[in-house]
Structures are given as structure tokens and as C-alpha cells.
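Now for the letters of each chain:
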Amino acid sequence: MPKEQIAKATAIILIGTIIGKIAGFIREILVAKYFGASLITDAYLVAYNIPMILLNMVIAGGVYSATVPTFTKYLANKDYKILWRLFSIIVSYTFIISIVLVLVMVFFAPYLVKFMGYGLKGQTFDLAINLTKVMAPMVIFLGLMSIFMGVLHSFQHFTIPSLNPFILGTTVIIFIVFLSKNIGIFSLGIGLVVGSGLMCLVSLIVLLKKQVKFSFNLNFRYKEVGEFIHLFIPATVGTTILCSYAIISRMMASPLEEGSIAALDFGYMVMQAPLSTFGLAISTAIFPFIANYAATKSYNELVGTMSKGIRMTALIYIPIALIFMVLCEPIIKLLFERGNFDTYDTMMTSKSLYFYSIGMFGLAINFILLRVFYALNDAVIPMLVTAVGVVVHIIFNFILIKYLAHAGIALSASIVHLGTNFILLWFLRQKIGNIGGKQILNSFLKMIVATLPGLLICLGISKYIEMVLDTSRIEVQIIQVGLATTTGLICYLIILWLLKAVELRMIFSLIKDRFRK
């Protein structure tokens, strides 16, 4: 396995993603400061999710998942003529479909808002309609971006795609700071459209430097198009089903007390920060290599890469998830409690973070497992498993909302995310045989044992600081969260080293080799 290549790709994606997440956090802090967890924010979140969900349901989710395995195959065989013909066809159809989606959002915005947030009324409902129309053009840019990113990753070019979140986040920050006083929440919507356009432009420039050839082409009667569609359709349906989690959450939270949708979204966003940083970096970095192993039927290498990816993911996310659960309230207080975001908003959001964190590890592993199935040209099994998960999610929502209100929706999602991974692993074992299950389980047990003492230390430090210092001050909040988290993680790493965890020693070995070079 090309360890150095995967490690380098992971590092590039990780650095770019961290920079992007910093910009994204600043953006969310500004949103919380200027607008709080209010009806205005609820209207924005409903409006924002309409183009994003439609995009993922129709284009983005399936396009990227199908592009990497298909393009990797033709790149390995150096079939550049077929490659650029397929690229032209995909871009042409994506552009046309995106235009249609924009028109649908503009003309049918009231019906879409009513469906997505049926609890919104009056001025809040009208605001969500107008925001939907403003943000509709995002679909065009992000639809094309999903293709450009897939092609760049097929070329094993990770730098520019990893910087996209930074470009988007920085653009939105500028628009909020300079325009929010004049146009309010619309500064956020316009900033998202402009930022997505800039992302698309930068990626296109890089592709042109790689001598990508494009000509408008709507002829889909080619073998390579059939191969692409074979993956694209079930992957898109699977993504559509997955997107229904967001639809269901907002629909079932909208009749609850004011700010419930915002509390769920802020909590999910905090949980997603490390998830879409390290988890995305690992799964994205290994995807082209797994696709290459699948194309050459090198299943031992494929399983080895997948196993290492899962174990490295567990190494990171088991302690982070537990720390988020222990420090959920101090973390939310540090990040958001200022301006219009008050103590009650902190309490609401921290409940969401607590229960979402339970399923954080499941979501991280899901990134890897889905890519393994797509690399094996099988998007049907993930689609069916996801469909079953949504049905279970709805059932649990009805049960848990009675006892936990909006937090019950978060707990329901976590239970489903963890459960679906066991089903996917079972199907994968039936498909390719041994998947290194014993080694993965052994690593999991070591990591859980190593986490518990550090978790107690983390909790103890946080509670002690609350007793002796004034946690209403920002500097004390930083000390509380920073010291508790750092001490807990150091304890975790020391115990893991004493337990001779292979994954930790692997990381140190890669770092040592890098410094020697």
C-alpha cells in the first residue's frame, strides 16, 4: 500500500479542512452573534437546506461517488479520449439539471418552504421564501464543483479541493461583517452564493492547467456513460434518502418550542466540525486508492487500506465523542454564548450536541464504508441500508421526542448511524470475505479502555474550574475547555501507548519518517 502517498494526501486534506473549519466556525459565531437562535435563524436554516438537499438528492452526492471510481479506472488505463468525453457529458447534463433546479426553487419556493418547515408562520415564513430564492443559484456552482472535485481527486490532486471550505467561509464572513447592518440575514445568503461561485472558478482554473478538454455533449449512448450511471443512480437515491434525515429532523422540530431547529443545527454543526475534518480527510484520501485496488481486484490491499482507515478513525473519534458529551455545555457556551445567543440557547444546543456525539463515530466510519462499496461498483446495498435506517429514524423520533423534545431527534439519528454500520460491515464481509474484523475490534477495545481515565480527568478539571473561577468570562471558558480537553487527550495517548496500540505507533512512525526525509 502506498503509505506515503495516502499519508501525504490525508495531511493536505486535513490542513485545508482545518483552515476551512476555522473560517466556518468564525462564520457560525458571527451568525450566532448577529442573529442568535431565533426565528430569523430558523428561517435561514430552512431556506439554506432547500438548495442543499435538492442538490444532494439530484446531483452532488451521486456525481462525486460515481466520478472517482469511474475516472480512476480510465486514468489507470490512460484512456484520455474516453475520459474527456465522459467529463463533457457529465458537465453538460449537470449544468442543465442545475438550471432546472434553480427555476424550481424560484417559482415553487412557498411550497418548498411549507414542506421543509411547516411550523414557520407569518413573517418568518415569508423570510424563508425570499432567502430560498436568493440562495437558489448555489445549486449551479456546487453541482459543477462536485464533478470538478471528483476529477481532481481521481488525479490524486487534493490541495485545491481541500481549500474550498476556506474560500466559502471567508467570503461569507466578509459579507456578514460589511452587509449585515444594511440587509440583515440576506448578507449570509448572498455570501454563500458568491463563495460557491469562487470555489467553482478556482477548481476550474486548476482543471484547465491539467489540460482538461471540454465540449458540450448530450450524447449518453456510450459504454462509459452506462458505467457511470450504474453507480450514479443508486448513489443518488441513497444520498436522497440520507438527506431525508435533515428534512425529517426539521419537520419534526418545527412545531416544538422556538429555536429548536437552530439548536439542532448548531449542535450538529459543532459535532460535524471534527467529523468533517479528520473523518473526511481520511475517507477522501483513501478513496482513489481503494478505487484503484477494486479496479485491479487487489482485495487484500483494499481490505488493508479500509481496516487502517477505520482504526485510525476510531483512534481520533472515540475520545472526541466522549469529550463532547462531557463538555457539551462549556463548549457551546464558549463558542456561541454572546450577543443574541443567551444561556437558554446554550442549554438547548448543548443537549443536541450531547446526543449527536453518541453517533459521531458511526458517521465517521460510514464515510469510509460507503466509499468502499462505491469503489466496488456497488451502490445498491448502501442505498437499501440507508432506506431502512430512515424508517427506523422516524419511528425512534416519535418515541424519543415525547421524553427529550428536540434532543430526542439527535439521539434517534445517533442510534441509526451506529446501527447501519454493523449492517454495512456484514454485507461487505459477504461480498469480499475477510474484512479484518478481529483486528478492528481489538483496536476498539484498547481505545475505549484508554479513553475512560482521561475522561474522568477531563470532567474533574472542568468542574473544578467552574467552582473556583467565573466561567462567564471568555478567557476562563477558554482555559476550562482547553485545559480539560488537552489533559484528557494526553492521558488517553499515554495509556494507548502503554497498551501498544498499533495505530498510534503507526502515526509516530510516519511522522518520524517524514522528519528524516
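Numbering of residues starts from 1 in every chain and runs along the sequence as written. Note on the predicted model: pLDDT of at least 70 is required for a residue's local features to be given, and 80 or more for side-chain atom pairs to be given and counted; whole-chain, interface and lining totals, by contrast, use all residues. The basis for every side-chain value is the complete set of non-hydrogen atoms in the structure, without hydrogens or water.

## Some points on the packing of helix H12 (residues 299–326) against helix H19 (residues 474–498)
Fitted lines through C-alpha atoms serve as axes, helices being fitted only where they are in contact, and the angles separating the N-to-C directions of these axes extend from 0 to 180 degrees. Strands are runs of DSSP state E lasting at least 2 residues, helices are runs of H or I lasting at least 4, and numbering of each runs from the N terminus. The contact between H12 and H19 brings their axes to 11 Å, and the two run at 140°. Between H12 and H19, the crossing angle belongs to the class labelled oblique. With respect to the hand of their crossing, H12 and H19 are arranged in right-handed fashion. Note on element contacts: H19 touches H12 through Thr485, Leu489, Tyr492 and Leu496, opposite Ala314, Leu315, Pro319 and Ile323. Lys, Arg, Asp and Glu make up the charged group, whereas Ala, Val, Leu, Ile, Met, Phe, Trp, Tyr, Cys and Pro make up the nonpolar group; the residues left over, Gly among them, are polar. For the contact of H12 with H19, the per-class residue count stands at seven nonpolar, one polar and no charged. Each angle is binned into one of four classes, with values under 35 degrees roughly parallel, values over 145 roughly antiparallel, values of 65 to 115 roughly perpendicular, and all other values oblique. Left-handed describes a crossing whose near helix is turned anticlockwise from the far helix through less than a right angle; right-handed describes the clockwise counterpart. Note on contacts: a residue pair qualifies if any of its non-hydrogen atoms lie within 4.5 Å across the two residues.

## A closer look at the nonpolar core
Counting residues in hydrophobic clusters, the biggest one holds 167 residues, and the most contacted among them are Phe87, Val270 and Phe336. Broken down by element, the residue count for this core peaks at 16 residues, all from helix H11 (residues 260–295). Setting aside chain neighbours within four positions, we find phenylalanine 87 in contact with Phe71, Ile147, Phe148, Val151, Leu207, Val212, Lys213 and Phe214. Buried Ala, Val, Leu, Ile, Met, Phe, Trp, Tyr and Cys residues that are joined via side-chain atoms within 4.5 Å together make up what is termed a nonpolar core. For every residue, the accessible area (1.4 Å probe, protein chains only) is compared with the maximum for its type, and the residue is labelled buried under 20%, exposed over 50%, or partly exposed between those bounds.

## A short note on the pattern of salt bridges
For this document, the term salt bridge refers to a Lys or Arg side-chain nitrogen within 4 Å of an Asp or Glu carboxyl oxygen. Scanning the entire structure with this criterion turns up two salt bridges. Residue lysine 431 pairs with aspartate 378 through a salt bridge whose shortest N-O separation is 3.0 Å. A residue pair is termed long-range when its members are at least 10 positions apart, and lysine 431 in helix H17 (residues 406–432) and aspartate 378 in the loop between helix H15 (360–375) and helix H16 (380–404) qualify at 53 residues. Under the relative-accessibility criterion, aspartate 378 is labelled buried at 9%. Glutamate 475 is the salt-bridge partner of arginine 473, the closest N and O atoms lying 2.7 Å from each other. Given the relative accessible area of 43%, arginine 473 is considered partly exposed.

Without other data, these values stay purely geometric and don't point to any function.
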